[in-house]
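# Observations on the model geometry
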There are 2 protein chains.
Amino acid sequence: MLQNDLILKAAKGEAVSRTPVWLMRQAGRVLKEYRAVRNKFADFKQFVQNPEAAAEVTVQPVDIFKVDAAIIFSDILVVPEAMGLPYQMAEAKGPYFEKVIKNLQDVDALHVAEPESSLKYVTDAIAYSIDILANRVPLIGFAGAPWTIFAYMVEGSGSKNFSVARRMLYTEPELSHKLLHKIALSTAVYLQAQIAAGVHIIQIFDSWAGILPHNQYIEFGINYIKMIVDAVKAKYPHVPIIVFCKDAYNARAQLSKLNIDVLGMDWCMDPVATRNIVGTNITLQGNLDPCVLYGSENDIKTHTQNMLTSFGKHRHIANLGHGLYPDIEADKIKHFVEAVQNYKD
Amino acid sequence: MLQNDLILKAAKGEAVSRTPVWLMRQAGRVLKEYRAVRNKFADFKQFVQNPEAAAEVTVQPVDIFKVDAAIIFSDILVVPEAMGLPYQMAEAKGPYFEKVIKNLQDVDALHVAEPESSLKYVTDAIAYSIDILANRVPLIGFAGAPWTIFAYMVEGSGSKNFSVARRMLYTEPELSHKLLHKIALSTAVYLQAQIAAGVHIIQIFDSWAGILPHNQYIEFGINYIKMIVDAVKAKYPHVPIIVFCKDAYNARAQLSKLNIDVLGMDWCMDPVATRNIVGTNITLQGNLDPCVLYGSENDIKTHTQNMLTSFGKHRHIANLGHGLYPDIEADKIKHFVEAVQNYKD
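What you see is a predicted model; the values in this text were computed from it and never measured.

### Notes on the overall build of chain A
Summing up its helical and strand segments, chain A has 16 helices and 9 strands in all. The globule rule puts the C-alpha radius of gyration for 345 residues at 20 Å, and the 19 Å found for chain A is close to it. Over its C-alpha atoms, taken along the principal directions, chain A stretches across nearly 60 × 45 × 40 Å. Within the span of chain A, comprising 345 residues, buried residues form 62% of the whole. Taking contacts inside chain A between residues at least 6 apart in sequence as the whole, the part at least 24 apart equals 73%. As displayed, chain A has an accessible area near 13100 Å², and 49% of this comes from carbon and sulfur atoms.

As structure tokens, then:
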């Protein structure tokens, strides 16, 4: 039995004694304890693929920030790698692919990921994390949404406009669907494997949700999130699912109709307006501007309290509206977590 | 008297025989005729600062694409340079500042731009363009919105999150307002000088409108656009003003209440939903996804016609939802322009 299951309760819409809180990218470069582990490895991928090290940094934020959940330390690009397209990581610039997907042959050369072999380092890291956590808080599993993974696999790296990936949706719709379908199948079995290994709740990240016109995002984005959600829920109906689609202003209504429990919000989305759009039958997660954590302790407290008031206590999981920026001081993160946990409505 | 004043009529809400069309970044690298002029100069800034060359490339799209307006060839960062902060241009990476704004001393060291001296190369280019255009179509003037200019001046270059610039809004609000005020004053006199030199209509670009929470964008973004709009309208009440705020989903209602004539829309904004938000007393501009122009002639025609049907004939100026991507073929641009100009509703 978990000692603190506030996040699971909030996700399911059950009553909670207070709003739970965690932070996207909480296991990362903001912590000197993380950097100490990271520096034992010559490169990022060796680190990600080492289950003991991944478990160690996964649990650090629980010990240090007292957050209400851990999230397994990994990267969304482990999925394309498990499909046959290895990624590289240049930490200053971000991840990239040396080979990109250009044509149907490239898509056909990929296989559906087999998590029990090529992603065993993740499920092992989950098992180790569960051991170290010793039922203190839930562990969150995650994966990228197919459109975001597709964008990286076709573009090769982060991009200003993702015009190469977006171009493919117009010029090669069949190829695009075939690739997205393969990514969605891989992601579904990967998330099922994470749950089998012990995660209590999962989050699907669609970082590039905001760069497609509405109908295109439904066709090439939401449809494949739905495929994953339905596959995971068919096997694990009681495991809550969070979907975080950054900048997906137009898609909030459609997303809320999926069989998901929590909708993640970026910092530009208004809590009240979003609640009006999605109705009361879903939990909202977010959405403090990460830049607030550059401010003073007092300002962090004020902004956090205002955010909590806007969301209300019911069906809310406090978080940032995006991942932590790596140059934020650890103490500022503590102020944020404490402001949530000490809030009296 | 202009031979073709469709854009001015559409901007003012007057009846038009057909929807007018131009493209953001129509004067640029997509044209081999542009590259021929560009290659005469060792660097980009020499080119921008040469009025004859700037006028030549300004008019090229009117000759080649038969668009319904020219837009003066320049860069939004000429304004900070005229305030005392010179920019550099690395064409592969985009513009950047060697020195950035870090503190109040840096802000105090800047002056309000004096267009009659430090931006004379732009007003000269406008005068030359007006000569070459010989009343065929209107000439559009432009400037960046204060928040976007601020973001570059503080961040130093384009950025994934603009976390340095956004941080400053939280940690140094007074400094931020002081800098934005100086930028707005400079931009207002700059746009007035462009009108005095001959432009018929102006556009204000707020490229980074979408990365601020709503209240912050009102305080640090829209307020300064309003300052410019009011100053320009006080002197030139009959010159239409277009405001294009990319990704400003939350701000459309507020923007439509400014004393502007046209609201520019990016490709993710829905024409019908946007019209419902802004009402009928404003013209909409946009918003074809630039990636459509990677497709076939037939697909370009279909997408363009669908867009025109969504907007309706009244109070619409056809355009892309963002600037042309530099690798789009010139013929595809002609297909787009022709699809608009031959459309029968």
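Next, the rest of the story.
### Considering the pairing of strand β4 (residues 139-144) of chain A
Residues and elements named next belong to chain A. For β4, the tally of buried residues reaches 6 of 6 residues, placing the bulk of the element in the interior. What you see with β4 is no split at all: Leu 139, Gly 141 and Ala 143 on one side and Ile 140, Phe 142 and Gly 144 on the other are buried throughout. The pairing of strand β1 (residues 70-71) with β4 spans 2 bridges and is parallel. Bridge assignment links Ala 70 to a residue of β4, and that residue is Leu 139.

### A short note on the relation of the copies chain B and chain A
When chain B is fitted to chain A, the best match, at an RMSD of 0.0 Å, comes from turning it 180° and sliding it 0.0 Å along the axis. Taken together, the turn and the small shift mark the pair as related by a two-fold rotation axis. Of every C-alpha in chain B, the one belonging to Tyr 249 of chain B sits nearest the axis of rotation, 3.6 Å from it. The share of interface residues of chain B whose copies in chain A are also at the interface is 100%, consistent with both copies meeting through the same surface.

### Observations regarding the nonpolar core
Counting 272 residues, the largest nonpolar core has Phe 336 of chain A together with Phe 336 of chain B as its most contacted members. What Phe 336 of chain B contacts, discounting residues up to four positions off in sequence, is Val 21, Leu 23, Leu 288, Leu 293, Ile 300, Thr 304, Met 307, Asn 319 and Leu 320 of chain B.

### What to know about the packing of aromatic side chains
Residues and elements named next belong to chain A. Summed over all chains, the structure comprises 25 aromatic pairs over all chains. Seen in terms of ring centroids, Phe 162 and Trp 208 are 4.6 Å apart; in terms of plane orientation they differ by 45°. Their pairing is tilted. Of this pair, Phe 162 sits in the loop between α9 (146-155) and α10 (163-171) while Trp 208 sits in the loop between β5 (201-206) and α12 (214-235), and the two are 46 residues apart along the sequence. Accessibility expressed as a relative area gives 1% for Phe 162, which makes it buried.

### A word on the pattern of salt bridges
Residue and element names in this part refer to chain A. Considering all chains together, one arrives at 24 salt bridges over all chains under this definition. In this structure, Asp 106 engages Lys 99 in a salt bridge whose closest nitrogen and oxygen atoms are separated by 3.2 Å. On the accessibility criterion, Asp 106 (14% relative accessible area) is buried.

### Comments concerning the sheet that holds β1 of chain A
Residues and elements named next belong to chain A. With respect to topology, 7 strands assemble into an open sheet ordered β1-β4-β5-β6-β7-β8-β9, the strand pairing being parallel. Since the sheet does not close on itself, it has two edges, and those belong to β1 and β9 (316-320), each with one partner. As paired strands, strand β8 (residues 283-288) and β9 are joined by 5 bridges and run parallel to one another. Each residue of the ladder has a partner; that of Leu 288, found in β9, is Leu 320.

### What to know about the side chain of Ser 176 of chain A
Residue and element names in this part refer to chain A. Secondary-structure assignment places Ser 176 in helix α11 (residues 173-197). Given a relative accessible area of 0%, Ser 176 falls into the buried group. One polar contact links the side chain of Ser 176 to the main-chain carbonyl oxygen of Glu 172, over a distance of 2.8 Å. Ignoring anything within four residues of it in the chain, the contact list for Ser 176 reads Phe 150, Met 168, Leu 169 and Phe 220.

### What about the interface of chain B and chain A?
Listed as interface residues are 25 residues of chain B and, on the opposing side, 25 residues of chain A. Taken together, both faces of the contact between chain B and chain A bury some 2300 Å²; the carbon and sulfur share is 55%. In this structure, Asp 289 of chain A and Arg 166 of chain B form a salt bridge, with 2.6 Å as the shortest nitrogen-oxygen distance. Applying the counting criterion to the chain B and chain A interface returns 10 residue pairs in polar contact (both at pLDDT 80 or more). Going through the elements one at a time, α10 (163-171) and α15 (297-311) of chain B are the ones with two or more residues in the side of chain B that touches chain A. Looking at which element gives the most residues to the side of chain B that touches chain A, the answer is α10 of chain B, with 5 residues. Of the residues belonging to the side of chain B that touches chain A, the class tally is 11 nonpolar, 9 polar and 5 charged.

### A word on the sheet that holds strand β8 (residues 283-288) of chain B
Residue and element names in this part refer to chain B. Pairing is parallel across the open sheet formed by 7 strands, whose spatial order is β1-β4-β5-β6-β7-β8-β9. Strands at the two margins of the open sheet, each flanked by one partner only, are β1 (70-71) and β9 (316-320). The sheet contact formed by strand β7 (residues 262-264) and β8 spans 3 bridges and is parallel. The residue bridging Leu 263 from the neighbouring strand is Leu 284, located in β8. Strands in contact with helix α11 (residues 173-197) are β4 (139-144) and β5 (201-206); relative to β4, the strand with the most contacts, it is inclined by about 170°. On top of the sheet, α15 reaches β8 and β9; it is set at about 155° to β8, its chief contact.

### Re helix α16 (residues 330-341) of chain A
Given 3.6 residues to a turn, an α-helix orients residues that are three or four positions apart in the same direction. For α16 of chain A, which comprises 12 residues, the first-to-last C-alpha distance of 17 Å matches the rise-based estimate of 16 Å (1.5 Å per residue) to within 8%. On its buried side, α16 of chain A packs onto α4 (51-65), β8, α15 (297-311) and β9 of chain A.

### A word on the side chain of Asp 261 of chain A
Residues and elements named next belong to chain A. Mapping Asp 261 onto the fold places it in the loop between α13 (252-256) and β7 (262-264). From its side chain, Asp 261 meets the backbone nitrogen of Ile 241 in a polar contact 2.8 Å long. Ignoring any residue separated from it by four or fewer positions in sequence, one finds Asp 261 in contact with Ala 11, Lys 233, Val 239, Pro 240, Ile 241, Ile 282, Thr 283 and Arg 315.

Definitions and limits used
- Residues numbered from 1 in each chain as written.
- Chains lettered and ligands numbered in written order.
- Predicted model: local features only at pLDDT ≥ 70, side-chain atom pairs only at ≥ 80, totals over all residues.
- Heavy atoms only, no water.
- Helix = DSSP H or I, 4+ residues; strand = E, 2+ residues; numbered from the N terminus.
- Rg over C-alpha atoms; globule rule 2.2 N^0.38 Å.
- Buried < 20%, exposed > 50% of the residue type's maximum accessible area, 1.4 Å probe, protein only.
- Contact = heavy atoms within 4.5 Å.
- Areas by Shrake-Rupley, 256 points an atom, 1.4 Å probe, with all protein chains shown as cover.
- Pairing = 2+ DSSP bridges.
- Least-squares fit on C-alpha atoms with pLDDT ≥ 70 in both.
- Core = buried A, V, L, I, M, F, W, Y, C linked by side-chain atoms within 4.5 Å.
- Phe/Tyr/Trp six-rings, centres within 6.5 Å; stacked < 30°, edge-to-face > 60°.
- Salt bridge = Lys/Arg side-chain N within 4 Å of Asp/Glu carboxyl O.
- Polar contact = N/O pair within 3.5 Å; in protein donor to acceptor, adjacent residues only side chain to side chain.
- Buried area = accessible area lost by both parts, 1.4 Å probe.
- Nonpolar A, V, L, I, M, F, W, Y, C, P; charged D, E, K, R; others polar.
- Axes fitted to C-alpha atoms, helices over the stretch in contact; angles between N-to-C directions.
- Expected span 1.5 Å × (residues − 1).

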